[in-house]
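Listed here are the chains, written in short residue letters.
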Amino acid sequence: MNKFITLFFFLFSCSLQAQQNEIKIDVFGLLVDELNVSYEWLFSDKLGIEGGIGYIYSPERLDTITSNTTLIPGVSYRTIPFKSSAFSFLIGAKYYFSPNPKANRFFLGTFIQFRTTPKIEDAYFEAYEEYFNAPDRFTPNANLLVGISTGYKLLLFKQKIILEPILGLGLNIEESEFDIGGFGIAQELYLRLNCGYRF
């Protein structure tokens, strides 16, 4: 068993040396409360396979009528802050049309991204039930985003530093947010600005 494990890691390290690899972080995602980290394996001059993981952290609020803070003249509200969070997992492939020297410049790609069921703080449900005198029927679900993308990979500083803007369009597939059954499909933009390192 020990010999098998040693052989596995030896072959894996040889693969890393023979091919090129990239570690990237999505700068745009940080501006919209998402942390996305990805790894791309470049197994030829024109083809790359990418995998990634993300964490979505969204501050939200629920406005209920009360006598504390006035948002609209004649109507008083109380703002209940709460947070929702979820994880995402991505796998995709890219084709580079005119790389120089390898896997850069203009590309087209396809991707699948799975997002876990959002976790919403109890403060939201407690405030909702207190105000409306009934539990909230809203039940967020996991969803699947399937789409295509295009972008441009720029290599800087001895072709080690990566700057990669990406624009894509996907279909978001998820169960109904209310307890009525069925699925919903909606279009969704896929935007990223990756910065990373090639090794």
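All values derive from a computational prediction rather than experimental measurement.

Draft legend 1. Looking closely at the overall build of the protein chain. Along the backbone of the protein chain there are three helices and nine strands. Scanning the protein chain from its N terminus toward the C terminus, one meets helices and strands in the order α-β-α-β-β-β-β-β-α-β-β-β. Counting the 199 residues in the protein chain, one finds 32% classified as buried. Across the protein chain, every contact between residues at least 6 apart in sequence was considered, and the portion connecting residues at least 24 apart equals 59%. By element, 66% of the accessible surface of the protein chain is carried by carbon and sulfur atoms, the whole surface being about 12400 Å².

Draft legend 2. Fine view of the confidence of the model for the protein chain. When pLDDT is averaged along the protein chain, the result is 80, and 71% of the positions lie at 70 or above. Every residue in residues 67-72 scores below 50 in pLDDT, and together they form eleven contacts with partners more than four places removed in sequence or on other chains.

Draft legend 3. Region of the structure containing unusual backbone geometry. For the bond from Asn100 to Pro101, the omega torsion is 5°, close enough to zero to count as cis. Despite not being glycine, Asp33 has its phi angle at roughly 65°, a positive value. Here Asp33 shows up in the loop between helix 2 (27-31) and strand 2 (34-42). Even without glycine at this site, Lys158 takes up a positive phi of about 60°. As for its placement among the helices and strands, Lys158 is situated in the loop between strand 7 (143-156) and strand 8 (161-175).

Draft legend 4. Spotlight on the nonpolar core. Of all hydrophobic cores here, the largest spans nine residues; its members are Leu42, Leu90, Tyr96, Ala103, Phe107, Phe111, Leu145, Ile166 and Tyr190. Among the secondary structure elements, those contributing two or more residues to this core are strand 4 (75-96) and strand 5 (105-115).

Calculation notes
Residues numbered from 1 in each chain as written. Predicted model: local features only at pLDDT ≥ 70, side-chain atom pairs only at ≥ 80, totals over all residues. Heavy atoms only, no water. Helix = DSSP H or I, 4+ residues; strand = E, 2+ residues; numbered from the N terminus. Buried < 20%, exposed > 50% of the residue type's maximum accessible area, 1.4 Å probe, protein only. Contact = heavy atoms within 4.5 Å. Areas by Shrake-Rupley, 256 points an atom, 1.4 Å probe, with all protein chains shown as cover. pLDDT = per-residue confidence, 0-100. Core = buried A, V, L, I, M, F, W, Y, C linked by side-chain atoms within 4.5 Å.

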